[in-house]
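If you want the building blocks of each chain, they are given just below.
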Amino acid sequence: MGGVLRIGSGYDVHRLVAGRKLVLGGVAIDHGLGLLGHSDADVLVHSVCDALLGAAGLGDIGQHFPDSDPKFKDISSLVLLARCRELLAAKGFVVSNIDCTVLAERPRLAPHRSAMERTMAAALDLAPDRVNVKATTTEGLGFAGRGEGIGAHTVVLITEIAAQPRV
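The protein chain appears in an unreviewed UniProt entry as 2-C-methyl-D-erythritol 2,4-cyclodiphosphate synthase from Desulforapulum autotrophicum. What UniProt states about the protein chain under its Sequence similarities (unreviewed entry) heading is, verbatim, "Belongs to the IspF family." The record in UniProt for the protein chain states the following under Subunit (unreviewed entry): "Homotrimer."

Encoded structure:
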């Protein structure tokens, strides 16, 4: 019989600004604006981290990688994602699959989806077909529609790999 299954969800938003590179799913994307944040501000990876941590009952990204800590300044969010995998493993969980949706009016993300899936899968030591990235516009509505920022929603399924003692 398989282990316990847990579902987690994550959501993140960052403002678009001049003078920063745009990184989504660990992939640098040519665009005139980038996301503002303490780390590389990869909104997609941040939503994945929050979903994974939440599914395992481990809090959220801000608890583990606070923006008040200088060691996380400009860090690649892929490093944080790999650390989330380690935190899950320490608690007896593995990632089963990840499904993400990026909300952005621009840039067009379809040409980058496969690279984002492969890059995040590698950070999690997963087969690329276990990570799915979708992108949608907001039809000109809200912060994303006005080009002020980018958001991402993620849902994950994790599986318990070892019986954990009840406390």
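### A word on the UniProt feature "site: Transition state stabilizer" (unreviewed entry) in the protein chain
When the UniProt feature table is mapped onto this chain numbering, "site: Transition state stabilizer" (unreviewed entry) sits at H38 and T137. With a sequence span of 100 residues, these residues are also far apart in the fold, their greatest C-alpha distance being 25.4 Å. Here H38 is to be found in the loop between strand 4 (34-35) and helix 1 (43-55). We classify H38 as partly exposed; its relative accessible area is 23%.

### Focus: the sheet that holds strand 6 (residues 131-136)
Taken together, five strands build an open sheet; the order of strands is 4-1-7-5-6 and the sheet is mixed. The open sheet has two free edges, formed respectively by strand 4 and strand 6, since each of these has just one partner strand. Sheet strands in contact with helix 1 are strand 1 (5-17), strand 4, strand 5 (93-103), strand 6 and strand 7 (149-160), and its direction is about 155 degrees off that of strand 1.

About the thresholds
Along every chain, residues carry numbers that run from 1 in the direction the sequence is written. In view of the model being predicted, local features appear only for residues whose pLDDT reaches at least 70, and side-chain atom pairs are presented and counted only at 80 or more, with totals across whole chains, interfaces and linings using the full set of residues. Only hydrogens and water are set aside; all other atoms, that is, all heavy atoms of the structure, feed into the side-chain values. UniProt positions are given in the numbering used here, feature names are shortened, and annotations may be inferred rather than shown by experiment. Numbering goes from the N terminus for both helices and strands, where a helix is a DSSP run of H or I of at least four residues and a strand is a run of E of at least two. The buried label applies to any residue whose accessible area, calculated with a 1.4 Å probe on protein chains only, is under 20% of its type's maximum; exposed applies above 50%, and partly exposed to all values in between. Here, strands pair whenever DSSP counts at least two bridges between them. In what follows, residue pairs with any heavy atoms lying within 4.5 Å of each other are defined as contacts. Structural elements are reduced to axes, namely lines fitted to C-alpha atoms, with helices fitted over the stretch in contact, and the angle between N-to-C directions of any two is expressed from 0 to 180 degrees.

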